[in-house]
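Chains, contacts and geometry: an overview
So the chains spell out like this:
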Amino acid sequence: MAAVNWLVLLLTHPLEFRTLLQFWLYHEQKRDIKAITEHPTSGWDRESMRRCWAFLDKTSRSFAAVIKEVEGDLARTICLFYLVLRGLDTVEDDMTIPDDIKQPILRNFHIHTVTPGWNYDGCGPNEKDRQLLVEYDVVVDELNRLEPRYRDIIVDICHKMETGMADFAHKAATTGSIYLEEVADYDLYCHYVAGLVGEGLSRIFSASGKEASWVGDQLELSNSMGLLLQKTNIIRDYREDTDEQRYFWPREIWGKYGFKEMKEMYEPQNAQRAQWVQSNMVLDALRHSVDSLDYLRFLKNQTVFNFCAIPATMAIATLELCFMNPTMFQRNIKIRKAEAASLIMKSTNPQQVGLIFRTYARKIHAKASPSDPNFLRISVACGKIEQWYEHNYPTFVRIIDANSGPRPVDPRRGWVIG
């Protein structure tokens with residue numbers, strides 16, 4: 001951030017300035033993948049792996065930061081896992097590739113991804129991650145260097161994901177249907193593109209020995225974790241996706257509010273009904289919150305926990321930002337940098353993450369309108385997060401010291417200050 005931007009922030013948002021300054025001064029980088037001592041696990045001493053790290057930075061700067069802080073060879077494994085799935089997703093998203101060409105690439109991607117020298121330069125010139133596929137041979141090279149316990153999981157997840165993606169792409173190309181019809185279709189699509197990522201990561205965590213072996217078997221919770229993140233992105237990216245003729249919101253939700261096409265929602269005269277659709281979409285995403293919190297409680301390794309918790313807290317904050325926010329229909333919106341920095345610093349243990357979820361659930365409930373058809377269900381969804389927190393970290397607990405009596409209690413949380 002340039003000096004002039006810091007000055008403007010100090011004058012206009014002094015509390016945010018303080019948060020960012022604290023983050024810059026006190027948030028220590030957990031590891032430096034470029035350090036010589038890290039080369040055996042990060043692979044930085046190899047040109048091909050350095051290129052893979054560069055692609056990770058290019059395709060997802062925010063995600064790259066949390067991946068790099070995971071300890072040991074997990075960071076390199078997750079980096080390659082991400083790039084494999086990003087390459088697959090790039091082929092699926094590219095609307096310039098004819099279906100007869102796209103189908104065999106998608107359905108054989110798990111084979112291509114371990115075939116030395118394979119790459120693909122047929123993506124459209126405007127596809128943002130085109131270069132990743134042009135140089136995909138470096139990913140193949142590094143993937144084949146991984147231990148079989150990791151490589152087999154990545155290839156298996158890729159195989160499952162490519163099948164689902166190919167089915168949805170073929171249906172859109174051959175039936176002329178550009179919309180997901182039912183919430184069940186929406187859930188299935190999100191399972192293929194994100195829920196399977198959660199499954200793969202859980203299996204990788206267990207294979208590494210950094211988490212218990214049974215964590216890899218928590219398929220339902222892993223799926224919910226992926227769906228919470230994916231659905232949040234789909235809600236936030238409404239305008240960008242609509243402008244590029246990508247439609248992920250299910251007709252079952254927006255159709256019942258009288259819309260014929262998704263693009264009608266950003267027209268000013270439809271603002272009220274669009275808000276109800278937006279509310280319904282946020283409600284649908286919130287149903288994965290409690291499962292996600294349960295999943296995070298299973299994780300014991302600190303770097304693995306941070307890797308999973310930070311995107312989750314970002315997601316609940318983004319849902320709160322989108323909820324009842326008409327600006328979302330006009331342009332992409334993001335939480336402010338200071339808020340993101342604060343979430344990163346606080347997302348250190350399950351209790352703090354639960355408190356963050358509870359805080360944003362309360363904000364969502366405070367913004368809910370009684371005239372919203374989803375008002376009661378929103379209230380129930382927020383109440384479930386509140387209930388989860390109270391069940392796992394009861395605020396009524398008091399610790400009594402036999403010598404000096406009850407300790408003072410923080411009135412904001414009902415916790416004893418000791």
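Our structure's up above, just so we're on the same page.
One structure accompanies this document, and this report is about it. Since the model is a prediction, treat every value here as computed from it, not as a measurement.

**Focus on the packing of aromatic side chains**
Applying the stated rule across the entire model yields 16 aromatic pairs. Consider the rings of Tyr-238 and Trp-249, whose centres lie 5.1 Å apart with planes at 50°: the pair is tilted. Of this pair, Tyr-238 sits in helix H14 (residues 238-243) while Trp-249 sits in the loop between H14 and helix H15 (251-254), placing them 11 residues apart in sequence. Here the two residues Tyr-238 and Trp-249 agree in accessibility, since each one is buried. When the ring of Trp-388 is compared with that of Tyr-393, the centres are 6.0 Å apart and the planes differ by 65°; the resulting orientation is edge-to-face. Like Tyr-393, Trp-388 is buried. Members of the aromatic cluster, joined through ring pairs, are Phe-168, Tyr-189, Tyr-192 and Phe-248. Lying across the ring of Phe-55, Arg-51 places its NZ or CZ 4.4 Å from the centre.

**Quick notes on the nonpolar core**
Counting residues in hydrophobic clusters, the biggest one holds 124 residues, and the most contacted among them are Phe-109, Trp-249 and Met-265. At 13 residues, helix H18 (residues 302-322) tops the list of elements feeding residues into this core. Non-local contacts of Phe-109, meaning those with residues more than four positions away in its chain, are made with Val-84, Gly-87, Leu-88, Val-91, Trp-118, Leu-133, Tyr-136, Cys-158 and Glu-162.

**Thoughts on the packing of helix H16 (residues 271-286) against H18**
The contact between H16 and H18 brings their axes to 10 Å, and the two run at 160°. Taken together, the axes of H16 and H18 are roughly antiparallel relative to one another. In this structure, H16 meets H18 at a crossing whose hand is left-handed. Listed contacts from H18 to Gln-278, Val-282, Ala-285 and Leu-286 of H16 are Ile-316, Leu-319 and Cys-322.

**A look at the pattern of salt bridges**
Here the structure, examined in full by the defined rule, presents 25 salt bridges. With a closest N to O distance of 2.9 Å, Glu-181 and Arg-251 form a salt bridge. Here Glu-181 is found in the loop between helix H11 (148-175) and helix H12 (183-208), whereas its partner Arg-251 is found in helix H15, with 70 residues between them in sequence. Owing to a relative accessible area of 30%, Arg-251 belongs among the partly exposed residues under this scheme. Residue Arg-236 pairs with Asp-237 through a salt bridge whose shortest N-O separation is 2.9 Å.

**Observations concerning the state of the cysteines**
Enumeration over the complete set of coordinates arrives at 0 disulfides. Cys-79 takes part in no disulfide bond, and the closest cysteine sulfur to it belongs to Cys-52, at a distance of 5.9 Å.

**A closer look at unusual backbone geometry**
Backbone geometry at Gln-245 places phi at a positive 60°, although glycine is not the residue there. Along the chain, Gln-245 falls in the loop between H14 and H15. With a relative accessible area of 58%, Gln-245 lands in the exposed category. You will see that Met-324, though not glycine, has its phi angle at about 55°, which is positive.

**A word on the side chain of Thr-59**
With respect to the helices, strands and loops of the structure, Thr-59 is situated in helix H4 (residues 47-59). In terms of polar contacts, Thr-59 uses its side chain to reach the backbone carbonyl oxygen of Leu-56, at 3.3 Å. Discounting chain neighbours no more than four positions away, the residues touching Thr-59 are Tyr-82, Leu-83, Arg-86 and Asp-129.

**Remarks on helix H17 (residues 289-298)**
Because each turn of an α-helix spans 3.6 residues, side chains separated by three or four positions end up pointing in the same direction. All of the buried residues along H17 are Ser-289, Ser-292, Leu-293, Tyr-295 and Leu-296. One side of H17 carries all its buried residues, which in axial view fall inside an arc of 160°. Taken together, the buried residues of H17 touch H12, helix H13 (219-236), H16, H18, helix H20 (350-367) and helix H21 (375-392).

**Looking at the environment of Glu-71**
Looking at the secondary structure, you find Glu-71 in the loop between helix H5 (61-68) and helix H6 (74-93). For the pair Glu-71 and Ser-42, spaced 29 residues apart in sequence, the C-alpha separation works out to 9.4 Å. Every residue in contact with Glu-71, bar those within four places of it in the chain, is listed here: Arg-31, Lys-210, Asn-301 and Thr-303. Separated by 3.0 Å, the side chains of Glu-71 and Asn-301 make a polar contact.

Thresholds, definitions, all that
- Residues numbered from 1 in each chain as written.
- Predicted model: local features only at pLDDT ≥ 70, side-chain atom pairs only at ≥ 80, totals over all residues.
- Heavy atoms only, no water.
- Phe/Tyr/Trp six-rings, centres within 6.5 Å; stacked < 30°, edge-to-face > 60°.
- Helix = DSSP H or I, 4+ residues; strand = E, 2+ residues; numbered from the N terminus.
- Buried < 20%, exposed > 50% of the residue type's maximum accessible area, 1.4 Å probe, protein only.
- Lys NZ or Arg CZ within 6 Å of the ring centre and 35° of its normal.
- Core = buried A, V, L, I, M, F, W, Y, C linked by side-chain atoms within 4.5 Å.
- Contact = heavy atoms within 4.5 Å.
- Axes fitted to C-alpha atoms, helices over the stretch in contact; angles between N-to-C directions.
- Parallel < 35°, antiparallel > 145°, perpendicular 65-115°, else oblique.
- Left-handed = near helix turned anticlockwise from the far one by under 90°.
- Salt bridge = Lys/Arg side-chain N within 4 Å of Asp/Glu carboxyl O.
- Disulfide = S-S within 2.5 Å.
- Polar contact = N/O pair within 3.5 Å; in protein donor to acceptor, adjacent residues only side chain to side chain.
- Arc of directions from axis to C-beta.

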